[in-house]
Amino acid sequence: MQIRPGEVTDSVAIAALLIALDYPVTPEFVAQGLQRQLTHADAALLVAVEQDAVIGFISLHFIPQLALPGDFCRISYFCVDPEARGQGVGTALEMAASALAQARGCDRIEVHCHSRREQAHRFYYRQGYGESPKYLVKPAQPDEGGA
């Protein structure tokens, strides 16, 4: 297995992995997002490849801090092919992400993981992640339909 930077040509494989996580995406939509992310100075995408097939990926964003000495890294998407789970792919991607975050001056990595993804929670706990007390979210564009 090899860990390498993601490329726009990985969009079909990444879309399939996101669909496995119940995201309603198409390869074309993912290619557009990859194009934006790969040219963003504070973002990175790593993929795990085995025999020329993408079997996992992790998407990262680096966020500068004003009141603390280290920046932080946020995992925005992280998926391993269901057939490859339990084989060290996720651990290898997370370790590569941690090394990249450390090289970028980050003092922590954060991830939001939906409460229904219990298998993912167990993975993160094994990697040394702990719970944060509260996570709040608001849509950038309020629903104007009054629903």
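No experiment lies behind these values; they were computed from the predicted model shown. (Residues numbered from 1 in each chain as written. Predicted model: local features only at pLDDT ≥ 70, side-chain atom pairs only at ≥ 80, totals over all residues. Heavy atoms only, no water.)

Draft legend 1. Summary view of the overall build of the protein chain. Within the protein chain, the regular secondary structure consists of 4 helices and 5 strands. When its helices and strands are written in sequence order, the protein chain yields β-α-α-β-β-β-α-β-α. Taken over C-alpha atoms, the radius of gyration comes to 16 Å for the protein chain, in line with the 15 Å a tight globule of 147 residues would show. If you line up the protein chain on its principal axes, its C-alpha atoms span 45 × 40 × 35 Å. When contacts within the protein chain are restricted to residue pairs at least 6 apart in sequence, long-range pairs at least 24 apart make up 55% of them. Total accessible area on the protein chain stands at roughly 9600 Å², and carbon and sulfur atoms take up 54% of it. (Helix = DSSP H or I, 4+ residues; strand = E, 2+ residues; numbered from the N terminus. Rg over C-alpha atoms; globule rule 2.2 N^0.38 Å. Contact = heavy atoms within 4.5 Å. Areas by Shrake-Rupley, 256 points an atom, 1.4 Å probe, with all protein chains shown as cover.)

Draft legend 2. Just the sheet that holds strand 3 (residues 53–63), in detail. The sheet built from 5 strands is open, its strands ordered 1-2-3-4-5 with mixed pairing. Two strands lie at the open edges of the sheet, namely strand 1 (2–5) and strand 5 (106–111), each paired on one side alone. Within this sheet the neighbouring strands show an average axis-to-axis angle of 25°, counted without direction. Both strand 3 and strand 4 (residues 71–80) contribute to a ladder of 8 bridges, which runs antiparallel. Pairing of Leu60 across the sheet is with Ile75, part of strand 4. Contacts from helix 1 (residues 11–20) reach strand 2 (43–50), strand 3 and strand 4 within the one sheet, and its direction differs from that of strand 3 by about 85°. (Pairing = 2+ DSSP bridges. Axes fitted to C-alpha atoms, helices over the stretch in contact; angles between N-to-C directions.)

Draft legend 3. Inspection of the nonpolar core at higher detail. Of all hydrophobic cores here, the largest spans 20 residues; its most connected members are Ile58, Leu60, Phe62, Ile75, Phe78, Val89 and Leu93. Contributions of two or more residues to this core are made by strand 2, strand 3, strand 4, helix 3 (89–103) and helix 4 (118–126). For Val89, the residues in contact, after removing those within four places along its chain, are Met1, Ala48, Ile55, Val80 and Ala84. Formed by 14 residues, the second largest nonpolar core is a distinct cluster that contains Leu21, Val25, Val30 and Leu45. (Core = buried A, V, L, I, M, F, W, Y, C linked by side-chain atoms within 4.5 Å. Buried < 20%, exposed > 50% of the residue type's maximum accessible area, 1.4 Å probe, protein only.)

Draft legend 4. Spatial organisation of the pattern of salt bridges. Scanning the model with the defined rule gives 6 salt bridges in all. A salt bridge links Asp42 to Arg104; its shortest N-O distance comes to 2.7 Å. Here Asp42 is found in the loop between helix 2 (27–38) and strand 2, whereas its partner Arg104 is found in the loop between helix 3 and strand 5, with 62 residues between them in sequence. Given the relative accessible area of 32%, Arg104 is considered partly exposed. A salt bridge links Glu110 to Arg108; the nearest nitrogen and oxygen atoms lie 3.2 Å apart. Arg108 gets classed as partly exposed once you look at its relative accessible area, which sits at 28%. What emerges from the salt-bridge pattern is a single network uniting Arg74, Asp107, Arg108 and Glu110. (Salt bridge = Lys/Arg side-chain N within 4 Å of Asp/Glu carboxyl O.)

Draft legend 5. Quick peek at the environment of Leu18. Following the sequence through the fold, Leu18 ends up in helix 1. Residue class for Leu18 comes out buried when judged on its relative accessible area of 10%. Residues Leu18 and Ile3, spaced 15 residues apart in sequence, show a C-alpha to C-alpha distance of 18 Å. If sequence neighbours within four positions are ignored, Leu18 has contacts with Tyr23, Val25, Val30, Phe57 and Tyr77.

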